[in-house]
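# Survey of secondary and tertiary structure
For reference, the chains in residue letters:
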Amino acid sequence: MTAQIHVPFLMTRAGAVSALTLAAVGGSLLVPGTASEAYAATTLANKALKVAASKKGAPYKYGATGPSRFDCSGLTLYSYKKAGKKLPRTAQQQYNKTRRVPASSRRQGDLVFFHSGSSVYHVGIYAGRGKIWHSPKTGSWVKLEKIWTKSVWYGRVS
């Protein structure tokens, strides 16, 4: 049986030997900072975003994590869990576990954290064009809505 290796980036001779060794034993290669790593993160984020969008209209319920009712962090937790990544329960805990990204580098699927001072009080999933999917409050439901304040931070799940 012949192994085929597709390496979408340049590497050193030592790196190539390591990749060949890894392929020979049936492993996979994900090099930090490469297109493959970015693709994996983007795929995860896009899956989570699609899950959140599929919950459009689901009613808000404090403390709910799905599958039919959600609070804000329950929606993000559920969406990323379905995409294959575990997140902590609350918005603040999720903020603490994500990698900070500046607004200029935000991407679809990044988490959007609403804050007052240093305290995070709400979270949604960035959908692009200044909008988020979120479950806002009692009496409301999961919806796509424009970000209404500049008091937000962005976090990337990896």
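Look up a bit, the structure's there.
As the structure is a computational prediction, the values presented were derived from the model and not from experiment. One numbering rule holds for all chains: residues counted from 1, following each sequence as written. This being a predicted model, a pLDDT of at least 70 is required before a residue's local features are given, and a value of 80 or more before pairs of side-chain atoms are given or counted; all residues contribute to the totals for chains, interfaces and linings. Water and hydrogen atoms play no part in the side-chain values, which are based on all heavy atoms of the structure.

### Some words on the overall build of the protein chain
In this description a helix means any DSSP run of H or I spanning at least four residues, a strand means any run of E spanning at least two, and both kinds are numbered starting from the N terminus. Across its full length, the protein chain holds four helices and six strands. In sequence order, the protein chain lays out its α and β elements as α-α-α-α-β-β-β-β-β-β. Looking at the protein chain as a whole, 37% of its 158 residues are labelled buried. Carbon and sulfur atoms make up 55% of the accessible area of the protein chain, which totals about 9600 Å². Residue burial is assigned from relative accessible area. The probe radius is 1.4 Å, only protein chains are included, and a residue is buried under 20% of its type maximum, exposed over 50%, and partly exposed in between. Per-residue and other accessible areas were derived by the Shrake-Rupley procedure at a 1.4 Å probe size, with only the shown protein chains allowed to occlude residues.

### Brief notes about the side chain of Lys55
On the secondary structure map, Lys55 appears in the loop between α2 (35–54) and α3 (72–83). The buried charged residue Lys55 lacks any salt bridge, with Asp71 as its nearest oppositely charged partner at 14 Å. Polar contacts, as used here, are pairs of N or O atoms within 3.5 Å; protein pairs need one atom able to donate a hydrogen and one able to accept it. Residues neighboring in sequence count only if both atoms are side-chain atoms. Within the local environment of Lys55, its side chain forms a polar contact with the backbone oxygen of Pro67, the two atoms lying 3.0 Å apart. Two residues form a contact once any of their heavy atoms are found within 4.5 Å. Apart from residues no more than four positions distant in its own chain, Lys55 is found in contact with Pro67, Phe70, Leu75, Tyr78 and Val142. Residues counted as positive are Lys and Arg, residues counted as negative are Asp and Glu, and His and the chain ends are not counted. Between Lys or Arg on one side and Asp or Glu on the other, a salt bridge is scored when a side-chain nitrogen of the former is within 4 Å of a carboxyl oxygen of the latter.

### Some points on the nonpolar core
One finds Tyr80 and Leu111 to be the most contacted residues of the largest nonpolar core, which totals 25 residues. Elements with a minimum of two residues in this core: α2, α3, α4 (91–97), β2 (111–116) and β3 (119–128). When residues in this core are grouped by element, the largest group, six residues, is from α2. Residues contacting Leu111, with those up to four places away along its chain left out, are Thr76, Tyr80, Leu87, Gln94, Thr98, Val123, Gly124, Ile125, Trp153, Tyr154, Gly155 and Val157. Take the buried Ala, Val, Leu, Ile, Met, Phe, Trp, Tyr and Cys residues and link them wherever side-chain atoms come within 4.5 Å; each set so joined is a nonpolar core. Counting residues in each nonpolar core, the second largest holds eight residues, with Phe114, Ile132, Ile147 and Tyr154 among its members.

### A short note on α3
One less than the residue count of a helix, multiplied by 1.5 Å, gives the span that helix is expected to have. With twelve residues, α3 extends 17 Å from end C-alpha to end C-alpha; this agrees with the ideal 16 Å at 1.5 Å per step. Counted residue by residue, α3 has ten buried out of twelve residues, so it is predominantly covered. Listed in full, the buried residues belonging to α3 are Cys72, Ser73, Gly74, Leu75, Thr76, Leu77, Tyr78, Ser79, Tyr80 and Ala83. Gly84 lies just past α3 and shows a positive phi near 110 degrees.

### Comments concerning the environment of Tyr126
Relative to the assigned elements, Tyr126 resides in strand β3. Distance in space between the C-alpha atoms of Tyr126 and Lys146 is 9.8 Å, their sequence separation being 20 residues. When sequence neighbours within four positions are dropped, the list of residues in contact with Tyr126 reads Leu49, Arg106, Arg107, Gln108, Gly109, Asp110, Val112, Lys131, Ile132, Ile147 and Tyr154. A distance of 3.3 Å separates a polar side-chain atom of Tyr126 from the backbone nitrogen of Arg129.

### Overview of the pairing of strand β6 (residues 152–156)
A regular strand carries its side chains on alternate faces of the sheet. Counting buried residues in β6 gives four out of five residues, a clear majority hidden from the surface. One ladder, built from three bridges, connects strand β1 (residues 99–101) with β6; its direction is antiparallel. Note that in β6 the partner of Arg100 across the bridge is Gly155. If DSSP finds at least two bridges between two strands, the strands pair.

### Section: unusual backbone geometry
Along the chain, Gly66 connects to Pro67 via a cis peptide bond; the corresponding omega equals 5 degrees. Relative to the helices and strands, Pro67 is located in the loop between α2 and α3. Despite not being glycine, Arg129 has its phi angle at roughly 55 degrees, a positive value. Its location among the elements puts Arg129 in the loop between β3 and β4 (131–134).

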